[in-house]
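# Structural characterization, general
What follows is each chain in one-letter form.
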Amino acid sequence: MKQKIAVATLRGLSMGFKFLLLIYLSKELAVDEYGTINLFFTSITFFLFIVGFDFYNYSHREILENEEEQVGMLINQLLFHLFCYVAIVPLLFVLFLNNFIPLEYGILFYLILIFEHLCQEAFRLFNLFNKFHHANFTLFLRTAGWIGPLAVLNITGYLGDLTIKKTLFFWLLGSVLSFMFCVIYVLAKKKQYFIQGQKLSIRWRWLKKGVRISTPFFIGTIAYKVIEYSDRFVIDYFLGKESVGVYSFYVNFANIINIVVTTLTFTLLVPNLLRTIAAKNEVEIEAKIKALKKELTRTTLVVIAIVSISIFPVLSWLQKPEFLESYPVFFITVFSNGMLNASLFYHYLLYGFKKDKEIFYPILISSVLNILLNLLFIKAFGIYAAAGSTLLSYGVLWFLKRNNWLHIRNNYE
């Protein structure tokens, strides 16, 4: 239990460092530059899921079940991702040619994307093999390991004026150091596994099966991320990067609700709930569900209250009238986060009872709705339409998942 709390705390701190960085950048950068770097962060996050293809959902199970073939499977997974790195290039041109991200950051974007993904997969593999401390160290290097030094050097004046490019160089440095740690560990501790004389071969059948199994997970993940991120790109297309900067500031600040709730509630309580569901102990299942719902409601409301109060001194500290003029957007995004957490409650219940379709279709419907609402209303109503579209999409997601759960629960009882 202590280890789980430690892991949850570290992951929460990692997300917290990123949140603090984005708030700090909102002070240091011009509003349009802040919009640009938020599009950079958003695009990296989104494309990480594309190059990953959720392939680990398949490969990790295969690796655990076939100990003698682990090395071959790991190499083939790496080959699959190398193919994805090449295949993703045409999509990246869409980002740069449409000036969502200036072309001058193109090389940095591609390098950060590759190293971030390699480190992400290494993090998952360390956890798979119960190397939790190693996993957490790679996570630390990718987050606080570069964000902390960047902030200290900037505050003390060693960096001069903070720019987008300087921030991205530090990010790349953190990812490279994390990757180097993973490589050194493998060479030092696991070298024997790679010199056993296994013949390297591409396992086409294994890869095809992996793609087929991973595709539903991939589509569901991308649909979720469309709801979360698509509005920034539509705002940039119709309104420009300054509007992206203002909107992103409020979304980033409101996202602390999800960070705290995920760390204190879902990460700690959901694993026990899933084990109880697997054990088919009906009395215990009901108790765990009630405990999760109570803790989720309490934590969400408390954090919403704290965040809602904290926004005003932060706005005063920023001293940027562009942000202050649109502060009602913040409260819409706060409600969006609350609705997201409410939908995740039913998401984990459906997941525990292996109702994948009941999870998949609500996400897909909400994603399509979100895109349509953004395209129809952002040009006319600005960032208020973006915030409202996200709130409505999460509301539909909550409604559909709740209905699916109630239907399953009635049949279950």
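Before reading further, recall that the structure is shown in the block above.
All of these numbers come straight from a predicted model, not from anything done at the bench. (Residues numbered from 1 in each chain as written. Predicted model: local features only at pLDDT ≥ 70, side-chain atom pairs only at ≥ 80, totals over all residues. Heavy atoms only, no water.)

With that out of the way, let us pick up the overall build of the chain. Helix and strand counts for the chain stand at 17 helices and 0 strands. Each principal axis of the C-alpha atoms in the chain carries an extent, and together these give about 65 × 60 × 40 Å. Taking all 413 residues of the chain together, the buried fraction comes to 50%. Of the contacts made within the chain by residues no fewer than 6 positions apart, 81% connect residues no fewer than 24 positions apart. Here the chain contributes 38 positively and 26 negatively charged side chains, and the mean placements of these two sets differ by 7 Å. (Helix = DSSP H or I, 4+ residues; strand = E, 2+ residues; numbered from the N terminus. Buried < 20%, exposed > 50% of the residue type's maximum accessible area, 1.4 Å probe, protein only. Contact = heavy atoms within 4.5 Å. Lys, Arg positive; Asp, Glu negative; His and termini not counted. Charge placed at Lys NZ, Arg CZ, Asp CG, Glu CD.)

The contact between helix H6 (residues 106-128) and helix H7 (residues 132-142) brings their axes to 7 Å, and the two run at 160 degrees. By the angle between their axes, H6 is roughly antiparallel relative to H7. Relative to H7, the crossing made by H6 is left-handed. Contacts between H6 and H7 pair Glu116, Cys119, Gln120, Phe123, Phe126 and Asn127 from the former with Phe132, His134, Ala135, Asn136, Thr138, Leu139 and Arg142 from the latter. Across the contact of H6 with H7, the residue classes tally to 6 nonpolar, 5 polar and 2 charged. (Axes fitted to C-alpha atoms, helices over the stretch in contact; angles between N-to-C directions. Parallel < 35°, antiparallel > 145°, perpendicular 65-115°, else oblique. Left-handed = near helix turned anticlockwise from the far one by under 90°. Nonpolar A, V, L, I, M, F, W, Y, C, P; charged D, E, K, R; others polar.)

All right, on to a negative patch on the surface then. Taken together, the side chains of Asp32, Glu33, Glu242 and Glu325 present a region of like negative charge at the surface. For Glu242, the position within the fold is in helix H11 (residues 241-254). (Patch = residues over 30% accessible without salt bridge, like charges linked within 9 Å, V, L, I, M, F, W, Y side chains within 5 Å. Areas by Shrake-Rupley, 256 points an atom, 1.4 Å probe, with all protein chains shown as cover. Salt bridge = Lys/Arg side-chain N within 4 Å of Asp/Glu carboxyl O.)

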